Amino acid sequence: MTTKPAKKPKSKTITGAELLCQCLVDHGVELMFGYQGGAIMPVYDAFPKYPKLRHVMVRNEQGAAFAAAGYARATGKVGVCVATSGPGATNLLTGIADAHMDSIPVLAITGQVVSTVIGTDAFQESDVVGLMIPLTKQSYLLDDVHDIPMVVSEAFHLANSGRPGPVHIDLPKDVAFATVKLDEVNTQIRYPYEGYQGISVKDLKTVQSMVKEARQPVVFVGHGVILSNAHREVQQFIEKSDMPFASTLLGISALPYDHPLHLGMMGMHGTVQANRAIEQSDLIIAFGMRFDDRITGLVSAFAPHAKIIHIEIDPSEIDKNVKTNLAINCDIKKAAAKMTQIVVGRDYTSWKKLARDNAKVWDKADPVRTGKGLGSSGKLLMAYVLERLSDLTHGNDNVVADVGQNQMFAARYYNFQRYNTWFNSGGAGTMGFALPTALGVKMARPKERVWVTVGDGGFQMNIQELGTILEEKLDIKILLLNNSFLGMVKQWQDLFFGGRFVATPMVNPDFVALCRAYGIAGEKVATKAGVDAAIKRAMQHKGAYIVEVDTAMEEVVMPMIPSNSPYSSMRITNE
C-alpha cells in the first residue's frame, strides 16, 4: 500500500493593499491619521479587514502629518499618516519637513497613479518621491507588490533608528490592486550601518581632564536627550558634576524646569542667566543638539572662552556649525551613563552665584513683574497668562505650542515638571503646528490634559482640525492669545523695519462662536480678574474648551539676541 504525499498547503493570496495593512499591523501600528482620495482608495478599502488599525480622518493632509508627528513625539513610536496622490501627497510636505527638522519618526504613505502612466502628467500625479527625498531619511516608490514587506520593514527601521526621522512610501494604484501569494513576498531587509562609534576610554579620560580644568562649565540639554530617552542619565551626570545646565528650545521638559541647577532656555530668546553663562563659560558639554543659528547667534563669536564637548548620535551634526574640542559620536544614554561614572564634582559656588545675580537682572526688568502683567495699553500680557496657566496646572500638563510669541512665552513661563510634556516646532518654525499636533498628543495620552497655546494667526492656519476634534470627541484645551497681529513678525518689524507693520495686522472672526459651531465650549477673557477663573473652568470642563484672551499688541519677547549677532548684543528690554 502506497502513501500519498501530503499536499502542500495553498499559500494565501491577497492584494497589495491588504498586504500593506498586514505589514502595518505586524509592526505594531494601532493609529493612523489620513485623508481619502482616488489613488489611495484601495488601501482605505482594505482597512475594515484589519480592525487593529484605527484611522482618524483629519480635515487636511497637512493635519495628518502633524498629528502623526504629535503621536510620535508623545510615544517615541513611529507615527503614520496616509494621503492620496498629487495634492493630497503635496499637502503632507510641510508636516514631513517639520518632522525632518526636529528628528521625529514618521511614516508617510501616499497613493500614486498607476505605474503605466507615471511621468505622463496624469490626473493627480506628482513626483512625490522626488519631493520627499530632501525631507526624509528614505523615499520609496513601491513598484513591485512582492517588495511590500521588505520596504515597510525597512521604513520602520530607518524611521526610529540612529537619529530618528520621517520615511515615505509611494504606492501606485495598480500595485495596491495587484495580488500576491504570501509565500512569494520579499522579507529580507537591508539594514543600514548605524554610523555612531560609541564613547571610548580615551574619550572618557579627555572628558575627565577637561572637567577638572574647568571653572565655569555649562551643560547643554538638547532634544536628543528626549529622543534617546536619556533624561535620567543626563540628570545624574549634571547632579554628580554639580554643573549648571541650559536647555535648547526642544530640550525643554527633558529635566524639571525648576531644577536648582537649571539656567533656563538659551539662545535668541533665552534667559539672561543662561545666555550670560554661555558667554562667560570656559567649558560647554552639549548633549544631543544641532548648534543651530538660534542658539549660536554670530558663530564666530559664540562662547569665545569655552572648550566644547559635543555628544551627538548623528555624525553629520558634529563640527557642522561650531567646532568642537572633543566630539563623541554616541548614543546619549550610553555616553551620559559612562561620563557619570568618571566625573568628579567641583566647587562651583562663585560660578552659580554669578548665574543667580544675572537672574536678578531679569527679575528687575520682567514686564510680568514690573507691569503687573499688563502692557502699556492696559491689556493682558501673554507672558502673564502663560505663567498663570503654569501655576494653576502646577506645571504638570502637556503643552503644545504654536509658533511665534506664544511659543517663546510658553517656553519661558511654563514651569515644566514632567518629562517630555513640551511639544513645538523647533527647526521649521511652522505656524499652524499646534492644533493638529495636539490631536496626536491627546490620542497618545488620552488620560492626560493637553493644552494648545496659540496666537490668532497660527490658529487660523489649521483651524479646520476643529472638525477632527468634534468627530473624535477629543478633550483638548485651547488657550488662544489674541493680539490681532502676527505678533513675532510685528516684533521684528518694530525693532528692525522702522515700525512699518506690513501684512501683520489681523482682522479676526469671533473665535469662541466659531468653536461653538464645532461643539466646543469656551469664553473670552480681557481682564486679570477673569484669567484664573477661565483657566479653571477649562480644566474642569469635560470636553474641548477654548479660552480666548485679549492680549496687548505692543508686547515683545525679551531678552533678545538680534539675528546673527553675538551674545554680547543681547537686549534685555525694548528700550
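Just above, that's the structure.
What you see is a predicted model, and the numbers here were worked out from it, not measured in a lab. (Residues numbered from 1 in each chain as written. Predicted model: local features only at pLDDT ≥ 70, side-chain atom pairs only at ≥ 80, totals over all residues. Heavy atoms only, no water.)

**Section: the packing of helix α3 (residues 61-75) against helix α18 (residues 434-444)**
Packed helices, taken two at a time, are described by the angle between their axes plus the distance between the axes. Following both chains from N to C, one finds α3 and α18 inclined at 40 degrees, their axes separated by 6 Å at the closest point. Looking at the two axes, α3 sits oblique to α18. The handedness of the crossing between α3 and α18 comes out as right-handed. Contact with α3, carried on its side by Gly63, Phe66, Ala67, Gly70, Tyr71, Ala74 and Thr75, involves Pro436, Thr437, Leu439, Gly440, Val441 and Ala444 of α18 and no other residues of that element. Looking at the contact of α3 with α18, its residues break down into eight nonpolar, five polar and no charged. (Axes fitted to C-alpha atoms, helices over the stretch in contact; angles between N-to-C directions. Helix = DSSP H or I, 4+ residues; strand = E, 2+ residues; numbered from the N terminus. Parallel < 35°, antiparallel > 145°, perpendicular 65-115°, else oblique. Left-handed = near helix turned anticlockwise from the far one by under 90°. Contact = heavy atoms within 4.5 Å. Nonpolar A, V, L, I, M, F, W, Y, C, P; charged D, E, K, R; others polar.)

**Comments concerning the pairing of strand β12 (residues 283-287)**
Of all five residues in β12, five are buried; the element is thus mostly enclosed. In β12, alternate side chains face the same way, and those of Leu283, Ile285 and Phe287 on one face and Ile284 and Ala286 on the other are all buried. Pairing between strand β9 (residues 217-221) and β12: five bridges, direction parallel. Residue pairing across strands places Phe220 opposite Ala286, the latter belonging to β12. (Buried < 20%, exposed > 50% of the residue type's maximum accessible area, 1.4 Å probe, protein only. Pairing = 2+ DSSP bridges.)

**Let's talk about the side chain of Lys477**
Assignment of secondary structure puts Lys477 in strand β18 (residues 476-482). For Lys477, a relative accessible area of 1% puts it in the buried group. At 2.7 Å, the side chain of Lys477 forms a polar contact with the backbone oxygen of His541. (Polar contact = N/O pair within 3.5 Å; in protein donor to acceptor, adjacent residues only side chain to side chain.)

**What to know about the pattern of salt bridges**
If charged atoms from side chains of opposite charge come close, those side chains can pair. Summed over all chains, the structure comprises 23 salt bridges. One salt bridge in this structure joins Lys352 and Asp242, with 2.7 Å as the shortest N-O distance. Of this pair, Lys352 sits in helix α14 (residues 349-365) while Asp242 is found in the loop between α10 (231-241) and β10 (245-247), placing the two residues 110 residues apart along the sequence. Judged by its relative accessible area of 22%, Lys352 falls in the partly exposed class. Between Arg388 and Asp532 there is a salt bridge, and its shortest N-O distance comes to 2.8 Å. Residue Arg388 is located in helix α16 (residues 382-393), and its partner Asp532 is located in helix α23 (residues 528-540); the two are separated by 144 residues in the primary sequence. Take Arg388: its relative accessible area is 17%, and that puts it in the buried class. (Salt bridge = Lys/Arg side-chain N within 4 Å of Asp/Glu carboxyl O.)

**Digging into the nonpolar core**
Where a protein is soluble and globular, its nonpolar side chains tend to be buried together. Ranked by internal contacts, the top residues of the largest apolar core, which has 104 residues, are Phe220, Ile285, Phe287, Phe302 and Met339. Counting residues per element, this core draws most heavily on α16, which supplies seven residues. Among all residues touching Phe302, those that are not within four sequence positions of it are Phe220, Ile278, Ile284, Phe291, Ile295, Thr296, Ile308, Val322 and Tyr567. Ranked by size, the runner-up nonpolar core spans 52 residues in total, among them Phe433, Leu435, Leu466 and Cys515. (Core = buried A, V, L, I, M, F, W, Y, C linked by side-chain atoms within 4.5 Å.)

**Quick word on the pairing of strand β19 (residues 521-525)**
In summary, the side chains of a regular strand alternate between the two faces of the sheet. Pairing of β19 with strand β20 (residues 545-550) involves five bridges; the strand directions are parallel. By the bridge assignment, Lys524 is partnered in β20 with Glu548. One crossover worth recording links β19 to the parallel β20 by way of α23, and it is right-handed. (Right-handed = clockwise from strand over helix to strand, strands pointing away.)

**Focus on the sheet that holds strand β16 (residues 422-423)**
Taken in spatial order, the six strands line up as β16-β15-β17-β18-β20-β19 in an open sheet, and their pairing is parallel. The open sheet has two edge strands with one neighbour each: β16 and β19. With six bridges connecting them, β18 and β20 associate as parallel partners. Counterpart to Asn482 in the pairing with β20 is Asp550. α18 rests against β15 (398-401), β16, β17 (450-455) and β18 of the sheet, and its axis sits at about 175 degrees to β17.

**Details of the environment of Gly270**
Secondary-structure assignment places Gly270 in the loop between β11 (262-265) and α11 (272-280). Note on Gly270: relative accessible area 0%, which makes it buried. Considering only alpha carbons, one finds Gly270 and Val82, 188 residues apart in sequence, at a separation of 37 Å. Those residues in contact with Gly270 that lie beyond four places of it in its chain are Met265, Asn275, Arg412 and Pro559.

**Remarks on the state of the cysteines**
Inspection of the entire model under this criterion finds zero disulfides. The thiol of Cys23 is unpaired, and the distance to the nearest cysteine sulfur, on Cys21, comes to 9.3 Å. (Disulfide = S-S within 2.5 Å.)

**Quick notes on the sheet that holds β12**
One open sheet accounts for six strands, arranged β11-β10-β9-β12-β13-β14; its pairing is parallel. For this open sheet the edge positions go to β11 and β14 (326-329), each flanked by a neighbour on one side alone. Each strand of the sheet is rotated relative to its neighbour by a mean of 15 degrees, with strand direction disregarded. Across three bridges, the pairing between β9 and β10 is parallel. Among the inter-strand pairings, Val221 is bridged to a residue of β10, identified as Ser247. Packed onto the sheet, helix α13 (residues 332-342) meets β12 and β13 (307-312) and runs at close to 140 degrees relative to β12.

**Here's the deal with the side chain of Ser253**
Along the chain, the position of Ser253 falls in the loop between β10 and β11. Side-chain polar atoms of Ser253 contact the backbone nitrogen of Thr421, separated by 3.2 Å. Apart from residues no more than four positions distant in its own chain, Ser253 is found in contact with Ile226, Phe416, Arg418, Tyr419, Asn420, Thr421 and Trp422.

**Observations regarding unusual backbone geometry**
A cis amide bond, omega 0 degrees, links Met558 with the succeeding residue Pro559. Relative to the helices and strands, Pro559 resides in the segment after β20. Of note in the backbone geometry, Gln124 takes a positive phi value of approximately 60 degrees without being a glycine. Inspection of the secondary structure puts Gln124 in the loop between β5 (106-112) and α5 (128-132). A relative accessible area of 28% means that Gln124 is categorised as partly exposed. At Ser253, a residue that is not glycine, the phi angle is positive and equals roughly 80 degrees. Overall, the relative accessible area of 1% leaves Ser253 in the buried class.

These figures capture arrangement, not role.
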